[in-house]
Amino acid sequence: FTCNSCSGPQPSPSPPPPPPPTPTPACRDNNAFRFTLKNFNKEVDCGWITKNERQEAKRKAMYCTENYVKGGCPFTCNSCSGPQPPPPPPSPTPPNPPPPPTPTPPNPPNTPTPIPPGPSPSPPTHNGVPFVRLNSSCQNKIPLQSVFGVNQYQCEASCASNSRCTAVEFTSSSCQLFLRCDGEDIGGNCPSGRICALKKKRKIDANNVLYTVKACVSNGVGQPSCTPVPVTDLRFTKQSAANSCEETEGQKGSVTYVDLTLPAGKALFVEVTTNVSGQSANNGFFVRPTRHTRNWGRAEVAGRTASFYLADTGQFSVEFAPDWIWRNQNQATTFDALMLFVNPEITLPGNLTPIPPDSEGTFVNLGPNKQYLFVGGIDYDWGKDYVFKVHDNTSVYFEKGAHVRGRIVQTEKKVKNVLLKGYGTLDVHYDLDDDVIGVSDDATRQNVGIFGKNIRVDGLTLINTNPTCGLFGYCLNINANWSPLAEPTRGPFDAFDLQLKDPPFAFRQAHCQEKNMDDSPNYDFNNCPTSHNDGQKVSYVKCMTWQLGHDGLNAGKWGTVEKSFVRTVDDAIKPWDSHGIYKDITIWQLTLGWPINFGWWNWNQPDVDTVIDSISVIHNHNWVTSPNWPETESGQCVIGGIYGSGAVKERYRLSNIFVETAASCAVGLQISKNAYSRHPTPEGCVGNMNDMRIDGIYFDENFYQIGGYNNFISGENNPNPGCSGNLSGKVQNMSISGIVAGRPL
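What you see is a predicted model, and the numbers here were worked out from it, not measured in a lab.

Peer 1: Even after reading the chapter, I still don't get the pairing of strand 49 (residues 735–740), so can you show me in this structure?
Peer 2: Each regular strand shows side chains that alternate between the opposite faces of the sheet. Two elements, strand 46 (residues 693–699) and strand 49, share six bridges in a ladder whose sense is parallel. Across the sheet, the residue bridging to phenylalanine 699 is valine 740, located in strand 49. As judged from the two bridges shared by strand 49 and strand 50 (residues 743–744), these two strands associate in the antiparallel manner. From the neighbouring strand, isoleucine 739 faces strand 50, where its bridge partner is proline 744. Between the end of strand 49 and the start of strand 50, which pair antiparallel, lie two residues, with alanine 741 showing a positive phi angle near 50°.

The following block contains the structure:
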């Protein structure tokens, strides 16, 4: 009809549906009305309440109970006295229509691509991913499909058209498609007939090639040179949420990153060329943390290329940029970064069970008493959120370069002896289903979220690339002290249960906390750590996120986090429980959050004797949001928080905190019974912070502030009646020493 190509009569089109009724004035929101957020000094209009569909219910519960908001937003808050037709539509300038999509013909994965017989000048490709021929490779393959009646080239083309195929075996009678060939044959030990003709190689999208990296292993700094070779397995992550997403806090930019390995006693010689517009070593060049790299000699620079040595493991930011850009909001928030993650050599065990990339359902159980492998060279992507639930005595290894769009969790019970290890990426990319207990409730909204003891995470890169605005979740939260065990009979746990709420709290069963959520005693400490020998251990983990609510690392009671990297738009490390050790950590704080956060809503139990040492804050952009948050006289600073728990914190020891570029302030700390996230005692008391020591916090530059805040420490000014002693909310016997641009703090 639309194209006037009907062969018979052409009836008139159906009349359009009637327009929606016009709201009566009493049922319209007041377009001029504004109100201030409770947890952020920012004015918003009525549309903010429903702007994020997944946050709408919480925002209504938080604000539509206030009479002044109901009066200004009667339609949004369902507080109209009469019928409630929809509000008038906004009238912005209409956007340019998108270009029509280019149709793509279907290509079923189980159908060979019809290609005429005969030789081809080059191997086939699939989505631009080239094949590379191997002379031989031993079998460790997952069979996909058998194709008959084709020649060798058609067999190879069939693999190219199958998104999961990485290898073929061709004989005169059949073509076998496989998921992959595991290891190249060394020494001619492959059984007869187990030969793989092709293997896929990953390559970075050409649009994301912002840096060229070459490297080689040298005997030491300045030793006879080795010849650097191209590093071909670069990875890329960038801000994926829309500019209108408030939870990005204005953070844009990208990170190109790669895992490198360094043999013991050697050094890496690295050559980097930047392809980023406007970047040049002529304006400045740094490899951070400079307190490490300055000991390995001066970099050789020439225009857009620099070469240098890395003589130890760690996480290093390579920057073709001067110091001043970190005091420029546009430059700091749009920077295209390069991170080199230098790791120790590891050897993965044999006889591992490969995890297939085409599992059904929404989750799969791993273990107990088993060992698994995420295969390198494959993007594990189910097109939806996918969860792996780990059980006792389970190991999950990642081959270098494995990229898994999923999460690894266990919050329905406490487990023991779980190992996650390898130089792969675990990526939270898809929206989570709403509140499926043990799968997507608030306790499990982490890349890695596991309750129990002897949980070890070694080498993983944890990223959150979800483009949806406002979906919170840590990179890593093992033995989290703020969430309960999942209990189907009580429904899903919601973090909102401990936000802007006062006691009494509902009963929720603790996992390893000394008290349940309602402050009744917990009697079940099975599979709970009792010392550093069976506490959680995190090393060489890299966390990179892009939105508010995407926090960093929390290892829980008796947990150790070391040799790791955090780059977040929220609190970076969360030492919120007794006997923690956080050391040798590199932090790149983005536009909101404390690099070292002292806690919000600990459950009520002693919180003592945590050690934080040798922390390198290479950048701290929270000066961008410090004028508006928090609402006290403090900025977000480097150390602090707004603490609203009845847990008494004592004898924390912080030392050797190094801050290289622009930062708001050193310490911003408030104890408050009205904290946004809080868990006071049944009497409404908040705990003291006693005998806390910060011995050595060093700033290379003066504080950079853009309004109305400074260092600030405050206890609870108006404790509830009966709240006294250690429950009076005081800061007592805190000592702080440091240097700011050469002068005492």
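Peer 1: Got a minute to help me understand the sheet that holds strand 47 (residues 712–714) in this structure?
Peer 2: Strand pairing in a sheet relies on backbone hydrogen bonds, with the paired strands running either antiparallel or parallel. What the four strands build is an open sheet, ordered 38-41-44-47; its pairing is parallel. Two strands lie at the open edges of the sheet, namely strand 38 (596–597) and strand 47, each paired on one side alone.

Peer 1: Would you take a moment to explain the state of the cysteines for this structure?
Peer 2: With the rule as written, the count across this model stands at eight disulfides. The disulfide bridge from cysteine 46 ends at cysteine 73, spanning 2.0 Å between sulfur atoms. Residues cysteine 46 and cysteine 73 are joined through a disulfide that is left-handed, its torsion about the S-S bond being -80°. Remark: cysteine 73 occurs in the loop between helix 3 (67–72) and strand 3 (125–126) and cysteine 46 occurs in the loop between strand 2 (43–44) and helix 1 (47–51); sequence separation between them is 27 residues. Take cysteine 46 and cysteine 73: they sit in the same class, and that class is buried. Each sulfur of the disulfide joining cysteine 216 and cysteine 226 lies 1.9 Å from the other. The disulfide joining cysteine 216 to cysteine 226 has a torsion of about 70° about its S-S bond and is therefore right-handed. Of this pair, cysteine 216 sits in strand 11 (residues 211–218) while cysteine 226 sits in the loop between strand 11 and strand 12 (229–230); the two residues are 10 residues apart in sequence, bridging distant segments of the chain. In this structure cysteine 216 comes out as buried when scored by relative accessible area, which is 10%. Residue classification places cysteine 226 among the buried positions, given a relative accessible area of 17%.

Peer 1: Is there a simple way to explain unusual backbone geometry in this structure?
Peer 2: Negative phi characterises most residues that are not glycine, and trans characterises most peptide bonds. A cis amide bond links arginine 288 with the next residue in sequence, proline 289, at an omega value of 5°. Along the chain, the position of proline 289 falls in the loop between strand 16 (286–288) and helix 5 (290–293). Cis geometry is found at the peptide bond from proline 503 to proline 504, where omega equals 10°. As for its placement among the helices and strands, proline 504 is situated in the loop between strand 32 (474–477) and strand 33 (537–539). One non-glycine residue, asparagine 479, lies in positive phi territory at about 65°. When you line up the elements, asparagine 479 lands in the loop between strand 32 and strand 33. Assessed through its relative accessible area of 3%, asparagine 479 is described here as buried. Phi angles above zero are rare outside glycine, and asparagine 656 is one such case at about 55°.

Cut-offs and rules
Residues numbered from 1 in each chain as written. Predicted model: local features only at pLDDT ≥ 70, side-chain atom pairs only at ≥ 80, totals over all residues. Heavy atoms only, no water. Pairing = 2+ DSSP bridges. Helix = DSSP H or I, 4+ residues; strand = E, 2+ residues; numbered from the N terminus. Disulfide = S-S within 2.5 Å. Buried < 20%, exposed > 50% of the residue type's maximum accessible area, 1.4 Å probe, protein only.

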